[in-house]
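This is what each chain is made of:
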Amino acid sequence: MLNLWVVNGSGVATQPAGAKCDGTGGDAAGDEICMYDFNVTADENLTIDAFSPAPAAAIVANRQPSQLRFNGGEPLQGTLGAVAVGQLTVSASGPGGLSVAGEMWVDTRLNANAVPVALLASAGANADGDDLCDPADPCISFANSLPLADANLDGIPNECQCGDFDGDGFLSAGDLGPMFGCAPGAAFPTDPAVCAAKLAAGVGKGEADGDGFYSAADVGLTFSAIPGAAFPAPAYSLRCPARPEGTPAP
């Protein structure tokens, strides 16, 4: 299986969220994806078995055993960032590959300018059902949103950065106090509703050792993973509901 999505040439949206492709989005061309059209061709050892468009994608597709053509987009509203296309299932009788040809129009003024574009894919099983298959997913037990945000550039997305109690994408001293306040019997307790909400959300922002409740052990693990710690431990040694495997990010 291949999960497919398209991104613009820079990979970064430059227009504000309210920008449109109807001529009201600004004075200069932006990075909104308005329309796209792709052909995916399989070589002699591959067969394109199925294509399932992403639920939120406006896509028209035609599939044959050796070729898939699809087009779509939001010509009036546009879409910022990456656009999930769908899931492609391919079988192989031997080594082979897929070739991609296509174009995308990105312009808030509808100048129909074709821009550099990438059709990205990740292959293999997809345990958490997100847009990243397991070999390319740094957090295979928790569905990630795209594009991935990684504030501290450690290869672990913000949303499954265990020990990040305040949710800013970094492990820091600011996470330790409120996390310790969630432990039963804490001298300076954190609002129990805050502690319960973080656990219930399943994103593992504060709980770091994977046992499902807050304790001094969570504080100790997180402290060791903060950059510059006296007794350092890698961030991937922390475990949480979002990333219980605790393995290094690829």
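Bear in mind the structure is a predicted one, so any value in this text is a computation, not a measurement.

Peer 1: How do you make sense of the state of the cysteines when you look at a structure like this?
Peer 2: Two cysteines joined by a covalent bond between their sulfur atoms form a disulfide. One pass over the structure, following the stated rule, counts two disulfides. Between the sulfur atoms of cysteine 162 and its disulfide partner cysteine 240 the distance amounts to 2.2 Å. Judged by the sign of its S-S torsion, about -55°, the bond between cysteine 162 and cysteine 240 is left-handed. Of this pair, cysteine 162 sits in the loop between strand 8 (117-123) and helix 1 (176-180) while cysteine 240 is found in the segment after helix 3 (216-225), placing the two residues 78 residues apart along the sequence. The disulfide that involves cysteine 182 links it to cysteine 195, with 2.0 Å between the sulfurs. What sets the handedness of the cysteine 182 and cysteine 195 disulfide is the S-S torsion sign, and at about -85° it is left-handed. Within this pair, whereas cysteine 182 is found in the loop between helix 1 and helix 2 (192-201), its partner cysteine 195 is found in helix 2, the two being separated by 13 residues in sequence. Given the relative accessible area of 12%, cysteine 182 is considered buried. On the basis of relative accessibility, which here comes to 7%, the residue cysteine 195 falls in the buried class.

Peer 1: Any chance you could explain the side chain of serine 215 here in plain terms?
Peer 2: Along the polypeptide, serine 215 turns up in the loop between helix 2 and helix 3. Classification of serine 215 by relative accessible area gives buried; the value is 15%.

Peer 1: Is there a simple way to explain the confidence of the model for the chain in this structure?
Peer 2: Low pLDDT means the predicted atomic positions in that stretch should not be read closely. The share of residues in the chain with pLDDT of 70 or more is 70%, and the mean pLDDT across the chain is 75. Here strand 8 is the element of the chain with the lowest mean pLDDT, 57, and helix 1 is the one with the highest, 91. Under a pLDDT of 50 for its full length, residues 10-19 has, in the predicted model, 21 contacts with residues more than four places off or in other chains.

Peer 1: I'm lost on the nonpolar core in this one. Help?
Peer 2: One broad trend across soluble globular proteins is that nonpolar side chains are buried collectively. In this structure, Leu171, Tyr214, Leu238 and Ala242 are the most contacted members of the largest nonpolar core, which totals 20 residues. Listing elements by their share of this core, those giving two or more residues are helix 1 and helix 3. Apart from the residues lying within four places of it in its own chain, the contact partners of leucine 238 are Cys162, Gly163, Leu171, Ala208, Leu221, Thr222, Ala225, Arg243 and Gly246. Counting 16 residues, the second largest nonpolar core, distinct from the first, contains Ile33, Val40, Ile48 and Phe70.

Peer 1: Looking at this structure, how should I read the environment of alanine 92?
Peer 2: Assignment of secondary structure puts alanine 92 in strand 6 (residues 83-92). Residue alanine 92 is classed as exposed on the basis of its relative accessible area of 57%. Excluding residues within four positions of it along the chain, alanine 92 makes contact with Asn45 and Leu46.

Peer 1: Even after reading the chapter, I still don't get the environment of glycine 102, so can you show me in this structure?
Peer 2: Relative to the helices and strands, glycine 102 is located in strand 7 (residues 98-105). Along the sequence, glycine 102 and valine 40 sit 62 residues apart, while their C-alpha atoms lie 8.6 Å from each other. The residues contacting glycine 102, other than those within four sequence positions of it, are Asp37 and Phe38.

Peer 1: Hey, could you run me through the side chain of aspartate 218 in this one?
Peer 2: Within the secondary structure, aspartate 218 is located in helix 3. Despite its burial, aspartate 218 pairs with no opposite charge; the closest candidate is arginine 239, at 11 Å N-O. Among the polar contacts made by the side chain of aspartate 218, one reaches the main-chain amide nitrogen of alanine 208 at a distance of 2.8 Å. Of the polar contacts made by the side chain of aspartate 218, one reaches the backbone nitrogen of aspartate 209; its length is 2.9 Å.

The rules behind these values
- Residues numbered from 1 in each chain as written.
- Predicted model: local features only at pLDDT ≥ 70, side-chain atom pairs only at ≥ 80, totals over all residues.
- Heavy atoms only, no water.
- Disulfide = S-S within 2.5 Å.
- Helix = DSSP H or I, 4+ residues; strand = E, 2+ residues; numbered from the N terminus.
- Buried < 20%, exposed > 50% of the residue type's maximum accessible area, 1.4 Å probe, protein only.
- pLDDT = per-residue confidence, 0-100.
- Contact = heavy atoms within 4.5 Å.
- Core = buried A, V, L, I, M, F, W, Y, C linked by side-chain atoms within 4.5 Å.
- Lys, Arg positive; Asp, Glu negative; His and termini not counted.
- Salt bridge = Lys/Arg side-chain N within 4 Å of Asp/Glu carboxyl O.
- Polar contact = N/O pair within 3.5 Å; in protein donor to acceptor, adjacent residues only side chain to side chain.

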